[in-house]
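# Per-entry structural report
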Amino acid sequence: MRFAPACLLACLLGLASAAAARPAYDDALLRKLRAAAGAVPGALPEELRYAKFAESPRTFAATVEGGDDTPYAQARTAYQLRYPDGWIMVDAGMDEAVHRFFGRGAEEPYDAAANARIQRALRGARLVLVTHEHGDHVAGVLRSPHYAEIAPKTILTARQVDTLVRAPQMPELRMDPAQRRDFIVVDFDDVLPVAPGVALVQAPGHTPGELMVYARLRDGREFLITGDVSWSYAGIEQRLQKPAAQIARIGEDATAIAFQLDWLNGLPARGIQLLVNHDDLVQPRLAAEGVIGEGLRLDGEPGPGE
Ligand SMILES: [Zn+2]
């Protein structure tokens, strides 16, 4: 068999990037993720809080393969990891124009005050992480009136930047290539330490730049913010993909997601509390039980029990 040199090079590059693009989701990856989270010395986060700023009323049928017509509200959320002397944000909310894109013509609930609070939390954060390059997760950085303040402390991966420059979910998210220098842009194969107790793990599939965010708190509890790998706990518990029409619409890599679902399915038994960003059933219960905090805490405001 003969290859033209250009093709040979492209094929080799293709193989190399494909190998780098998909971590092996196994116990070795979990060990590496835990080690990465322990790599940066310093006080560990004391609590993980979440805030819901919008919702899309859907059904299980529109959320998970084989789901029925039972209503299922897809919450849109952001997270805050609080340290004794500051905090990290995970995901950034979105403005109302981007919210309307997701309504596809329908009016869906949007909490402008909650989003304004996320903006305050982004301004006050030491570091901002985004699970992926879709509008409901990243627009709060890209389209923020405080962009110049927030972008320099926001980590984007090279894959996220690539999507935002070349193939954004909507025109409102398109990044100029020169904007790359506004952000902390990183590239890594599988895991990356980012702060005491916190590490990223690549999860390409829902989008090329999808990440999951692992956090170990001071009291030893472990969390994994799972982004949009699944839109429901049912999807992880039963290892079910999104409906075929959604996979096609989004352009997901279902094979990659199958490996991720298998891995996530086994993590609770290994002591890890999963957080599903769009869930609106389990997270409110976790908040009621005090496992996670509800709403963001900003400096100078009294906390729980204070
Ligand atoms: Zn999303």
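Here the structure is shown first, and the text comes after it.
The rules behind the values
- Residues numbered from 1 in each chain as written.
- Predicted model: local features only at pLDDT ≥ 70, side-chain atom pairs only at ≥ 80, totals over all residues.
- Heavy atoms only, no water.
- Donors = N, O, S within 2.8 Å, 3.2 Å for Na, K, Ca; no water.
- Tetrahedral: all angles 85-135°; square planar, octahedral: opposite > 155°, others 65-115°.
- Helix = DSSP H or I, 4+ residues; strand = E, 2+ residues; numbered from the N terminus.
- Buried < 20%, exposed > 50% of the residue type's maximum accessible area, 1.4 Å probe, protein only.
- Salt bridge = Lys/Arg side-chain N within 4 Å of Asp/Glu carboxyl O.
- Contact = heavy atoms within 4.5 Å.
- Polar contact = N/O pair within 3.5 Å; in protein donor to acceptor, adjacent residues only side chain to side chain.
- Phe/Tyr/Trp six-rings, centres within 6.5 Å; stacked < 30°, edge-to-face > 60°.
- Lys NZ or Arg CZ within 6 Å of the ring centre and 35° of its normal.

### Notes on the coordination of the zinc ion
- Protein-derived ligands of the zinc ion are Asp136 (OD), His137 (NE2), Asp228 (OD) and His278 (NE2), with the metal-ligand distances lying across 2.1 to 2.4 Å.
- Coordination at the zinc ion is irregular: its four donor atoms span angles of 87 to 164 degrees at the metal.
- Positions of the donor residues of the zinc ion along the chain correspond to the pattern D-H-x90-D-x49-H. Of this pair, His137 sits in helix 5 (residues 135-142) while Asp228 sits in the loop between strand 10 (222-225) and helix 8 (233-237), placing them 91 residues apart in sequence.
- Overall, the relative accessible area of 1% leaves His137 in the buried class.
- Accessibility expressed as a relative area gives 3% for Asp228, which makes it buried.

### Quick word on the pattern of salt bridges
- Summed over the entire model, instances satisfying the criterion amount to 17 salt bridges.
- As a salt-bridge pair, Asp190 and Lys32 come within 2.9 Å of each other at their nearest N and O atoms. Pair noted here: Asp190 is in the loop between strand 6 (184-186) and strand 7 (191-195) and Lys32 is in helix 2 (residues 27-37), with a separation of 158 residues, a long-range link.
- Accessibility expressed as a relative area gives 17% for Asp190, which makes it buried.
- With relative accessibility at 41%, the residue Lys32 sits in the partly exposed group.
- Here Arg82 and Glu47 are joined by a salt bridge, their closest N and O atoms 3.8 Å apart.

### Section: the environment of Arg221
- Summarising the element assignment, Arg221 is placed in the loop between strand 9 (211-216) and strand 10.
- Given the relative accessible area of 32%, Arg221 is considered partly exposed.
- For Arg221 and Gly266, which are 45 residues apart along the polypeptide, the C-alpha to C-alpha distance reads 16 Å.
- Filtering out sequence-adjacent residues up to four positions away, Arg221 remains in contact with Ala215, Arg216 and Val291.
- At a separation of 2.9 Å, a polar atom in the side chain of Arg221 contacts the side chain of Asp219.
- Within the local environment of Arg221, its side chain forms a polar contact with the backbone oxygen of Val291, the two atoms lying 2.9 Å apart.

### Quick look at the packing of aromatic side chains
- Scanning all chains against the criterion turns up five aromatic pairs.
- On the basis of an interplanar angle of 50 degrees and a centroid distance of 4.7 Å, the ring pair of Phe60 and Tyr72 is categorised as tilted. Within this pair, whereas Phe60 is found in the loop between strand 1 (47-59) and strand 2 (71-83), its partner Tyr72 is found in strand 2, the two being separated by twelve residues in sequence. Across the pair, Tyr72 and Phe60 agree in class, each one buried.
- Taking the ring centre of Phe102 as reference, the NZ or CZ of Arg76 above it sits at 4.4 Å.
- It is Lys242 that lies over the ring of Trp231; its NZ or CZ is 5.2 Å from the centre.

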